[in-house]
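# Chain and residue survey
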Amino acid sequence: MRTGCLACLLTAVAALSGGCASPPAEPRALDDFSYKGEQGPEDLPPDAPCIWVRDERSRESFYGMKVTSEMATNWMSQGIANTLNARTRPTDIIPERGLLISLSKAYVNPIDTTLSGVVVVKVTWGERNSVYRGQIVQTNWWGADSEIGRTMSAALDKALLQINFPVTTSTCEDPDPAEPAEPLEPEEPAEPAEDTEASAA
């Protein structure tokens, strides 16, 4: 009897301590994750305004799914091209000039038969900072990756459409190299001094 009680006690302790629980599954990268706006990005002219972008999310995974930093940056760049008609260039630092859009949060929460998408972006322009949040709830028909991407893209559009900062055309250009100093003109050789004695002779 005591042996049976001891076995029950050990089983209960193991369950409470998580000893029998299976390790959590690694989040999977979405197979189909790209910007899925209604119109889609079009070819932009070379003189289209340019915006710096970077990924500032605290983590890449959400609800068992994963969006890498590269995937998120490309997705955000496509959305900016479509919604703001601007080119983009990734950066790891805050530029001294120009408009920077940083991705703070981007995730989809599947709730029963719906998908709740949330995207938060931070806009930096000079010393000014603003945060914009886009959120949308859509029907979850099949639970496919394409539906997740479409929901997140719609939330991104809602966040980007709130931005009212000016966009310049030279934001993403590399700083102009310093102009080389003009070469100094060689000094003309000094004329030899006249020999006063020879002149007197």
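Residues numbered from 1 in each chain as written. Predicted model: local features only at pLDDT ≥ 70, side-chain atom pairs only at ≥ 80, totals over all residues. Heavy atoms only, no water.

Moving on, we get to the sheet that holds strand E2 (residues 50-55). If you trace the five strands from one edge of the open sheet to the other, you get E5-E2-E6-E7-E8, paired in mixed fashion. The open sheet has two edge strands with one neighbour each: strand E5 (87-90) and strand E8 (128-139). Taking each pair of neighbouring strands and ignoring which way they run, the sheet shows an average axis angle of 30°. Alignment of strand E7 (residues 114-125) against E8, held across twelve bridges, turns out to be antiparallel. Across the sheet, the residue bridging to valine 119 is glycine 134, located in E8. (Pairing = 2+ DSSP bridges. Helix = DSSP H or I, 4+ residues; strand = E, 2+ residues; numbered from the N terminus. Axes fitted to C-alpha atoms, helices over the stretch in contact; angles between N-to-C directions.)

With that settled, the discussion passes to the environment of cysteine 50. With respect to the secondary-structure elements, cysteine 50 resides in strand E2. Residue cysteine 50 is classed as buried on the basis of its relative accessible area, which comes to 1%. Between the alpha carbons of cysteine 50 and leucine 100 there is a distance of 9.6 Å; along the sequence they are 50 residues apart. (Buried < 20%, exposed > 50% of the residue type's maximum accessible area, 1.4 Å probe, protein only.)

A word on the environment of glutamate 56. Relative to the helices and strands, glutamate 56 is located in the loop between E2 and strand E3 (61-62). Residues glutamate 56 and aspartate 92, spaced 36 residues apart in sequence, show a C-alpha to C-alpha distance of 9.3 Å. Residues within four places of glutamate 56 in sequence aside, it is in contact with Ser102, Leu103, Ser104 and Lys122. At 3.5 Å, the side chain of glutamate 56 and the side chain of lysine 122 are in polar contact. (Contact = heavy atoms within 4.5 Å. Polar contact = N/O pair within 3.5 Å; in protein donor to acceptor, adjacent residues only side chain to side chain.)

Before going further, it helps to examine the environment of arginine 150. The residue arginine 150 is located in helix H3 (residues 145-160) in this model. You can call arginine 150 partly exposed: its relative accessible area is 40%. Residues arginine 150 and glutamine 138 lie twelve residues apart in sequence; the distance between their C-alpha atoms is 9.3 Å. In this structure arginine 150 touches Lys36 and Gln138, once residues within four positions along its chain are discounted.

A few words on the sheet that holds strand E1 (residues 28-29). Paired through their backbone hydrogen bonds, the strands of a sheet run either parallel or antiparallel. Pairing in this open sheet of three strands is mixed, and the strands run E1-E4-E3 from one edge to the other. Pairing within the sheet leaves two strands with one partner each, and these edge strands are E1 and E3.

Our focus in this paragraph is the pairing of E2. Among the six residues that make up E2, five are buried, leaving the element largely enclosed by the rest of the structure. Bridging between E2 and E5 involves four bridges; their strand directions are parallel. Across the sheet, residue isoleucine 51 finds its bridge partner in E5, namely threonine 88. Sheet topology places E2 next to strand E6 (residues 99-111); four bridges connect them, and they run parallel. Each residue of the ladder has a partner; that of valine 53, found in E6, is isoleucine 101.

The topology assignment puts aspartate 145 in helix H3. Ignoring anything within four residues of it in the chain, the contact list for aspartate 145 reads Arg28, Leu30, Asp31 and Asp32.

In this section: helix H2 (residues 69-83). Compared with an ideal rise of 1.5 Å per residue, which puts 15 residues at 21 Å, H2 spans 21 Å between its outermost C-alpha atoms and is within 8% of the ideal. Packing partners of the buried residues in H2 comprise E2, E5, E6, E7 and H3. Downstream of H2 by a residue or two, asparagine 85 has a phi angle that is positive, lying close to 50°. (Expected span 1.5 Å × (residues − 1).)

Relative to the assigned elements, threonine 124 resides in strand E7. When its relative accessible area of 6% is taken as the criterion, threonine 124 is described as buried. Within the structure, the side chain of threonine 124 is placed 2.8 Å from the side chain of asparagine 129, a separation counted as a polar contact. When sequence neighbours within four positions are dropped, the list of residues in contact with threonine 124 reads Ile94, Gly98, Leu99, Leu100 and Asn129.

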